[in-house]
Amino acid sequence: MERIQQSILLLRRERVMLDSDLAILYGVETGALTRAVRRNIERFPADFMFQLSVEEFEFLKCQSGISSQWGGRRTPPYAFTEQGVAMLSSVLRSSQAVQVNIEIMRTFVQLRAMTADHKALARRLNQLESKYDKQFAVVFDAIRGLMEPPSPKKRPIGFVHGTDETERE
């Protein structure tokens, strides 16, 4: 389930999974998965599946370090919404695909519940803040800070100029 959660991305305000991640989970090649989808394209309207734009694909490559000039994927991947993943079970019929689909659906439901809980907590916090005076402002700010997802810490990669002892002299 953790692997599935890590594969769910937020693109175009939708929670989606990329074809390559789904292919790994289903135990098939990405090309085989996309061919099966193209053979049954009428089952995948735009709100079930979309192909990333070139700009989105470039951004994704920069963020994840996938592909290169000499190898890797060269075409933008397909992104499947929760409904698209559910529809994949009618296209891919192996027992592994069925079991993986069940786990993916459970994960999407779990994420939806966590999002609803988060929204309810934020709403309740706003109500409490308006009810109590400014002496609790620091407490409310601290709680809001804990509710925010942690910002990714960027570490420098490779050699950092000016750190060598000889260069400091």
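Scroll up a little and you will see the structure.
Rules of the game
- Residues numbered from 1 in each chain as written.
- Predicted model: local features only at pLDDT ≥ 70, side-chain atom pairs only at ≥ 80, totals over all residues.
- Heavy atoms only, no water.
- Helix = DSSP H or I, 4+ residues; strand = E, 2+ residues; numbered from the N terminus.
- Pairing = 2+ DSSP bridges.
- Axes fitted to C-alpha atoms, helices over the stretch in contact; angles between N-to-C directions.
- Contact = heavy atoms within 4.5 Å.
- Salt bridge = Lys/Arg side-chain N within 4 Å of Asp/Glu carboxyl O.
- Buried < 20%, exposed > 50% of the residue type's maximum accessible area, 1.4 Å probe, protein only.

Peer 1: Is there a simple way to explain the environment of Phe 108 in this structure?
Peer 2: Topologically, Phe 108 is positioned in helix 6 (residues 95-131). In this structure, the C-alpha to C-alpha distance between Phe 108 and Gln 5, residues 103 residues apart in sequence, is 8.2 Å.

Peer 1: What am I meant to see in the sheet that holds strand 1 (residues 8-11) here?
Peer 2: What links the strands of a sheet is backbone hydrogen bonding, and the strands pair in either a parallel or an antiparallel sense. Across the sheet, 4 strands lie side by side as 1-2-4-3; this open sheet has antiparallel pairing. Two strands close off the open sheet at either side, each with one partner strand: strand 1 and strand 3 (49-51). Taking the axes of each pair of neighbouring strands and ignoring which way they run, one obtains an average angle of 45° across the sheet. Bridge analysis of strand 3 against strand 4 (residues 78-80) gives 3 bridges, and the strand direction is antiparallel. Bridging across to strand 4, Met 49 finds its partner in Phe 80. Taken strand by strand, helix 5 (residues 82-91) contacts strand 2 (14-18) and strand 4, and its axis lies near 95° from that of strand 4.

Peer 1: Where do I start with the pattern of salt bridges in this structure?
Peer 2: Here the idea is simple: oppositely charged side chains can pair when their charged atoms come close. Taken as a whole and judged by the stated rule, the model has 2 salt bridges. Between Glu 56 and Arg 12 there is a salt bridge, and its shortest N-O distance comes to 2.8 Å. Of this pair, Glu 56 sits in helix 4 (residues 54-64) while Arg 12 sits in the loop between strand 1 and strand 2, placing them 44 residues apart in sequence. Classification of Glu 56 as partly exposed rests on a relative accessible area of 22%. Residue Arg 106 is joined to Glu 103 by a salt bridge in which the shortest nitrogen-to-oxygen separation is 3.1 Å. Of this pair, Arg 106 and Glu 103 both sit in helix 6, 3 residues apart, which is roughly one turn of that helix. Glu 103 sits in the partly exposed class, given a relative accessible area of 29%.

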